[in-house]
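# Architecture and fold: a report
Residue strings, one per chain:
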Amino acid sequence: VSLGMMLPLYNTRLLRTYAELAPALPVLAVVVKRWAKAHSIALTYTGHISSYSWTLLVVYYLQICHGLPSLHALAPQRTIARTS
C-alpha cells in the first residue's frame, strides 16, 4: 500500500471522527455542497474547490462559530525526544 492510497483513508477517518463529535456535520456538509453545486462553484475541473474542501470549510465553521474542538487539541500530548 502506497502513501498515496492511504491518504483517502486518513481523510475519511478525519471526517468520521468530526462527525462523531458533531452529528450535524454530515447534514450541514451536504447542504453546503448542494448550495455550491447549485451556484456552479463546486466544479473541481473548472478550478473550484473540491467536495472534500467544502466539508473541511464546514468543519472550520463549526469550530469557529459553534465550539467544535480541534482533534489536535483532543489528542494526547506526545513528547518528541530530540537528539543532538
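One structure accompanies this document, and this report is about it. Everything numeric in this text was worked out from a predicted model, so none of it was measured. (Residues numbered from 1 in each chain as written. Predicted model: local features only at pLDDT ≥ 70, side-chain atom pairs only at ≥ 80, totals over all residues. Heavy atoms only, no water.)

## Quick look at helix H3 (residues 51–66)
Stated precisely, the cut-off is as follows: Under the scheme used here, helices are H or I runs from DSSP no shorter than 4 residues and strands are E runs no shorter than 2 residues, and both carry numbers assigned from the N terminus. The span expected for a helix works out to 1.5 Å for each residue beyond the first.
Helix length check: H3 (16 residues) gives 22 Å between terminal C-alpha atoms against 22 Å at 1.5 Å per residue, within 8%. Looking one or two places after H3, you find Gly67, whose phi comes out positive at around 75°.

## So, the environment of Ser51
Basically, it comes down to this: A 1.4 Å probe rolled over the protein chains alone gives each residue an accessible area, and that area as a share of the maximum for its type sets the label: buried under 20%, exposed over 50%, partly exposed in between. Residues adjacent in sequence count toward polar contacts only when both atoms are side-chain atoms; beyond that, a polar contact is any pair of N or O atoms within 3.5 Å, and within protein one must be able to donate a hydrogen and the other to accept it.
Note on placement: Ser51 falls in helix H3. The class of Ser51 is partly exposed, set by a relative accessible area of 38%. Taking C-alpha positions, Ser51 is 9.4 Å from Lys37, a pair spaced 14 residues apart along the chain. One polar contact links Ser51 to Lys33, side chain to side chain, over a distance of 3.2 Å.

## Details of the nonpolar core
Heads up, the condition is: Note on terminology: a nonpolar core comprises buried Ala, Val, Leu, Ile, Met, Phe, Trp, Tyr and Cys residues joined through side-chain atoms within 4.5 Å. We call two residues in contact whenever any of their non-hydrogen atoms come within 4.5 Å of each other.
Residues Tyr18, Ala22, Leu25, Val58, Val59, Leu62 and Leu68 constitute the largest nonpolar core, which totals seven residues. When near neighbours in sequence (up to four residues on either side) are disregarded, Tyr18 contacts Leu25, Val59, Gln63, Leu68, Pro69, Ser70 and Leu71.

## Concerning helix H2 (residues 25–38)
As a reminder of what qualifies: By construction, the arc corresponds to the directions joining the helix axis to the C-beta atoms.
Between its terminal C-alpha atoms H2 stretches 20 Å, which fits the 20 Å expected from 14 residues at 1.5 Å a residue. Three or more residues of H2 are buried, namely Leu25, Ala29 and Ala36. Burial along H2 is one-sided: seen end-on, the buried residues are contained in an arc of 30°. Across from the buried face of H2, at angles greater than 90 degrees, the exposed residues are Val27, Arg34 and Ala38. Looking one or two residues beyond H2, the residue adopting positive phi is Ser40, at roughly 55°.

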